[in-house]
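# An overview of the molecular structure
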Amino acid sequence: MPKQSAEASIAELQDALKASEQRSAAIVETAVNAIITIDEHCIIETANSATERLFGYPREEIVGKNISMLMPEPYRARHDSYVDNYLRSGVKRIIGIGREVVGQRKDGSVFPIDLSVGEALLPSGHRIFTGIIRDLTERKALEDKILHISEDEQSRIGQDIHDDLCQQLAAISCLAKVAQKSLLKAGSPEAHSLEEIVSLVTKANMRARETSRGLMPVVLDANGLMAALEELADNTARAHEITCDFRYDNPVQVNDNKTSVQLFRIAQEAVSNAVKHAQARRIDIHLARQTGNIVLTVRDDGTGIPETPAKGTGMGLLTMSHRAQMMGGTIHVMPRPTGGTQVTCSVPAPAKLQ
C-alpha cells in the first residue's frame, strides 16, 4: 500500500474514533439520569451534567474525590469496604443489579435514588465502575401519599365499625338478653335458642371490636407500639387458637407516630401471612433496640415460604418492604433452619431514642 494511502486510512480511522468518542460523550452528557464513573479506589473519574443538577456540586468539586462524599452516614464510612470485598472475593452484591439507596446533596439533604452499577475492564487493564443514578424523590412522595390515603381509609372503616356496627351489635345483644329473660320466666323452651343467639352476637361484637382496633392506627403514648403488639399477639392467639407471644428484652419506647404505625403494620402483615398462608401454630413477635436501630422480628413454625406464593402474599411482602423503605430501613424474609419463616425489619431509631 502506498505511504500516502496508508496515512489517509489512519487519518480516517482517527476521525472515526474521534467522532465515536464525541457521540458517546454527548450521549452521556445529555442523559436525563446522573452518570458517574469511578476507579477501583472509589475515586470519581467522570460525571455528567445531570450529576451536577442532582447533587448540587460542580463537577470540578467531585472529580478526583471519593464517591462516598455523595452518600450519608453510615453508608459513607462503609462504601470503600464494600468495593474492597468485591475486588477480593468477586462476589457481586450490587453490580448489574438496580437497588434503591439514598444519596446526599451538597446542602446535606438526603434523598432516595435508584442506583445501577456496571463494571468494565478497559484494554489498558484499567477497571472502572459506572453508576447510573435516578432521583426517586417524586415517586417516593407519591407512594407515601398513596400509603397514607390507604391508612386514612382503614382508620375511617375501623372507626365506623367501632362506633356504628359494634354499638348496634351491643344493642341487639341487650334486647336479646331481655327477651331471653322473659322467655325463661314464661317457661318457654325457646329461651335456650335465644341464649345461643345472645352468645353468637356477643362473639360477633368482640370480633368486630378486634377488627376495628386492627384497622385503626396505633394509639400512641410512651409505650403505644409495645401495647399494640401485645394486643396483636393476644388477639391472634384467641381468634385462631394458636400460640402467639410478644417479647422484648428491654422496653422500647417509640415517640414517633409514623414509625410506630408502620412497624405495627409490618408485624400485622407478617402475623397474617403466618396464620393464613403458612398454617403456623406458634408465632413469636420480638421488639428490640440494637446499635441505634429498632429491630422487629416475627418468627413462625409454619410451612415456610412457598416457591409459588399464594394469592395476596406477594403484595403483602411488597407492602412490608415499602413500609420499611419509607422509614429508611430494611426488611429480610428468610426460612428458619428449624422450619417456618422469620421476618426481620430494622429501621433507624428516631433521634429521641438514640
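You'll find the structure just up there.
Structure report, in brief. (Residues numbered from 1 in each chain as written. Predicted model: local features only at pLDDT ≥ 70, side-chain atom pairs only at ≥ 80, totals over all residues. Heavy atoms only, no water.)

Looking at chain direction, strand β6 (residues 243–248) and strand β7 (residues 282–290) are connected through 6 bridges and run parallel. Bridging from a neighbouring strand, aspartate 245 pairs with aspartate 284 of β7. What joins β6 to β7 is helix α8 (residues 257–276), and the crossover it makes is left-handed. (Pairing = 2+ DSSP bridges. Helix = DSSP H or I, 4+ residues; strand = E, 2+ residues; numbered from the N terminus. Right-handed = clockwise from strand over helix to strand, strands pointing away.)

Glancing now at the environment of valine 198. Within the fold, valine 198 resides in helix α6 (residues 190–215). Classification of valine 198 as buried rests on a relative accessible area of 8%. In this structure the C-alpha to C-alpha distance between valine 198 and serine 173, which are 25 residues apart in sequence, comes to 5.6 Å. Each residue touching valine 198, except ones within four places of it in the same chain, is listed here: Ser173, Ala176, Lys177 and Gln180. (Buried < 20%, exposed > 50% of the residue type's maximum accessible area, 1.4 Å probe, protein only. Contact = heavy atoms within 4.5 Å.)

The next subject is the nonpolar core. Within soluble globular proteins, side chains that are nonpolar generally end up buried alongside one another. Counting 34 residues, the largest nonpolar core has Leu229, Ile283, Ile285, Leu287 and Leu296 as the members making the most contacts within it. Of all the elements in the fold, those that place two or more residues in this core are α7 (224–240), β6, α8, β7, β8 (293–300), α9 (313–326) and β10 (341–348). Ranked by residue count, the leading element in this core is α8, at 8 residues. Other than its neighbours up to four places away in sequence, leucine 287 contacts Leu225, Met226, Leu229, Phe246, Arg247, Tyr248, Asp249, Val252, Ile294, Val295 and Leu296. Counting residues in hydrophobic clusters, the runner-up holds 24 residues, among them Ala34, Ile44, Ile62 and Ile133. (Core = buried A, V, L, I, M, F, W, Y, C linked by side-chain atoms within 4.5 Å.)

Here we come to the packing of helix α5 (residues 137–185) against α8. Close contact between α5 and α8 brings their axes to 13 Å; oriented N to C, the two are set at 80 degrees. Here α8 runs roughly perpendicular to α5, going by the angle between their axes. On the side of α5, the interface is formed by Leu147, His148, Glu151 and Gln154, while α8 contributes Lys258, Val261, Gln262 and Arg265. Residues of the contact of α5 with α8, tallied by class, amount to 2 nonpolar, 3 polar and 3 charged. (Axes fitted to C-alpha atoms, helices over the stretch in contact; angles between N-to-C directions. Parallel < 35°, antiparallel > 145°, perpendicular 65-115°, else oblique. Nonpolar A, V, L, I, M, F, W, Y, C, P; charged D, E, K, R; others polar.)

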